[in-house]
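Architecture at a glance
Each chain, written out:
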Amino acid sequence: MLSQKTIDIVKSTAPVLEVKGKDITTHFYRAMFADHPELLNIFNHANQEKGRQQTALANTVYAAAKYIDQLEVLVPAVKQIAHKHRSLAVKPEHYPIVGEYLLKAIKEVLGDAATDDIINAWAEAYGVIAQVFIDTEAQMYKEASEQAGGWMDFKEFEVADKVKESSLITSFYLKPKDGAQLPAFHPGQYITIKLNIPGEENIVNRQYSLSAAPNKEYYRISVKREADHQPEGTVSNYLHDHIGKGDTVEVSTPAGDFYLANDRKEPVVLISGGVGITPMMSMLETLAAENSKREIVFIHAARNEEAHAFKEHTEQLVRELDNARSYMAYGEKKDKQTICDVEGHIDAEFLKEVVPNNSICYVCGPVPFMGAVIGHLSKNGLSEDQIKFEFFGPAVQLQQA
Ligand SMILES: Cc1cc2nc3c(=O)[nH]c(=O)nc-3n(C[C@H](O)[C@H](O)[C@H](O)COP(=O)(O)OP(=O)(O)OC[C@H]3O[C@@H](n4cnc5c(N)ncnc54)[C@H](O)[C@@H]3O)c2cc1C
Ligand code: HEM
């Protein structure tokens, strides 16, 4: 239990953290990696370079300061982060290291304003927050390793098949090398892939949503080649160019809190942009396998026809289902013969027409796409509870349309 004095100090510094949060976390990571380069084997360097991870951590530290006396408010956010931590094998012994460098960074950025009282209060508060994470993650490690077919941390998988799904996206079918059955997972969850890439200084980890319905034999991931910006994406290009049938990758058990709730009856709407289609494929395949009678709306936006992954497969699944329909938006049409429902961006009017008011919507895609779609859905009267979404990177504030 924190003392009232500690609570008051931490809450009173929350506004400063809101302003200085990203400075603090930027200092924090720089110093921590300088002294603990082994942690570079866990963190995603691209997210560091782009500042996304610093922002995500700063937002969480700020929220923790604000709600230090009502930590229960933070439970959903803690769970989402803890899933990510668990999939990366973050362990209790890492927490004191993060705590030490976070406090040093607060001191450095706040300068004279960081009195001993403030630093001591933060040290105490960090201990409480860290314990919430450690306890949540302990439960997740237990569930992951003790479930039927489960394991701790990472296990070797072999690429059983590699299938091109579009000009940009390729699927990898992964089977455990020990031949064991796979544990159950929720459609929408992701795994972490761990690779040792020749020429890379550190081990790399990336999350990939499972794109097939849960089954006992294989995991399917579907990876977009990141080649639009320089430098080209490390892992996606390596997977596309150098990983094929018979190769080995290390895989975590499935994680994540973005998944199809299967005990519901209301209409379900799956809205994806680009490679954000992957969790939706797992959900749609699951609904088809269950012969679901729910009203199902599948909406997908792709750059163009060539970049449209799983086109025939989606159409087939929608045909098999009793009460499903699908819509396609292309950013650009190759020629007049190209058939799609929307040319350009999905807008609020279109969503008003095709999304039932009482539906549960699952949204995944690039950040601006999610901001726009979620903004339109909210304007059309859907509540926060009706809209679930997944970031393919550290969480950021969405600019809603
Ligand atoms: C929960 C979750 C699920 C996901 N599911 C999928 C999925 O199903 N399919 C999928 O394809 N992806 C998915 N992702 C994204 C995936 O994890 C990777 O982020 C993606 O494959 C890119 O990794 P990469 O190593 O190829 O690119 P990275 O090397 O990580 O680079 C990513 C981007 O950052 C830029 N960048 C890199 N270094 C720098 C630098 N120094 N300065 C500036 N910019 C830089 C690159 O140009 C590139 O555009 C998911 C992510 C999460 C968190
Ligand atoms: C109380 C302490 C901590 C807090 C508040 C915290 C917070 C966060 C947040 C907000 C994210 C982004 C999650 C997302 O949006 O997906 C994250 C990711 C991550 N955290 Fe932590 N974390 C803490 C401790 C740790 C520790 C001890 C480690 C291990 C050294 C760690 C390693 C990571 C890694 C590797 C990621 C993924 C980074 C990426 O994908 O770029 N965290 N954490």
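Higher on the page you've got the structure.
Owing to the predicted nature of the structure, the values given are computational and were not obtained by experimental measurement.

Reading the values: the criteria
- Residues numbered from 1 in each chain as written.
- Chains lettered and ligands numbered in written order.
- Predicted model: local features only at pLDDT ≥ 70, side-chain atom pairs only at ≥ 80, totals over all residues.
- Heavy atoms only, no water.
- Donors = N, O, S within 2.8 Å, 3.2 Å for Na, K, Ca; no water.
- Helix = DSSP H or I, 4+ residues; strand = E, 2+ residues; numbered from the N terminus.
- Pairing = 2+ DSSP bridges.
- Axes fitted to C-alpha atoms, helices over the stretch in contact; angles between N-to-C directions.
- Core = buried A, V, L, I, M, F, W, Y, C linked by side-chain atoms within 4.5 Å.
- Buried < 20%, exposed > 50% of the residue type's maximum accessible area, 1.4 Å probe, protein only.
- Contact = heavy atoms within 4.5 Å.
- 1 Å grid on protein atoms, 1.4 Å probe; cavity = no way out; pocket = protein on both sides within 12 Å on 5 of 7 lines; lining within 4 Å.
- Points joined across faces, edges and corners; volume = space filled by probe spheres on them.
- Near = heavy atom within 4 Å.
- Polar contact = N/O pair within 3.5 Å; in protein donor to acceptor, adjacent residues only side chain to side chain.
- Areas by Shrake-Rupley, 256 points an atom, 1.4 Å probe, with all protein chains shown as cover.

Examining the coordination of the iron atom of ligand 2
Inspection of the coordination sphere of the iron atom of ligand 2 shows a single protein donor, H85 (NE2), at 2.1 Å. Mapped onto the secondary structure, H85 falls in helix α4 (residues 75-87).

Thoughts on the sheet that holds strand β4 (residues 204-209)
In space, the 6 strands of this open sheet follow the order β4-β3-β6-β1-β2-β5, with antiparallel pairing throughout. Each edge of the open sheet is held by one strand with a lone partner, namely β4 and β5 (219-224). Shown here is a sheet whose adjacent strand axes are inclined to one another by a mean of 40°, direction ignored. Here strand β2 (residues 169-176) pairs with β5 via 6 bridges, running antiparallel. Within the sheet, the bridge partner assigned to Y173 lies in β5 and is R220.

Thoughts on the nonpolar core
Membership of the largest hydrophobic core comes to 45 residues, with the highest contact counts inside it found for V10, I24, F28, M32, I68, Y95 and W122. Broken down by secondary-structure element, the contributors of at least two residues to this core are α1 (4-35), α3 (52-66), α4, α5 (95-110) and α6 (116-146). With residues up to four places along the chain from it excluded, the contact list for I68 reads L2, I7, V10, K11, A125 and I129. Residues L270, M280, I360 and Y362 belong to the second largest nonpolar core, which totals 26 residues.

So, the layout of surface pockets
Taken as a whole, the second largest pocket spans an internal volume of roughly 320 Å³. Taken together, 15 residues line the second largest pocket, and the ones lying closest to its centre are H83, R86, E143, Q189 and P254. Elements supplying a minimum of two residues to the lining of the second largest pocket: α4 and α6. Considering every element that reaches the lining of the second largest pocket, the biggest residue donor is α6, with 5 residues.

Quick look at the site of ligand 1
Lining the immediate surroundings of ligand 1 are 26 residues, of which Q207, Y208, P231, V235 and S236 lie closest. Contact distances for ligand 1 include 2.9 Å between a nitrogen atom and a backbone N or O atom of S222. Separating an oxygen atom of ligand 1 from a backbone N or O atom of V235 is a distance of 2.7 Å. Contact with the protein chains covers 85% of the free accessible surface of ligand 1, which is 970 Å². Those elements that place two or more of their residues in the shell around ligand 1 are α2 (45-49), β4, β5 and α7 (234-242). The element contributing the most residues to the shell around ligand 1 is β4, with 4 residues.

By themselves, these are just geometric observations and shouldn't be taken as functional.
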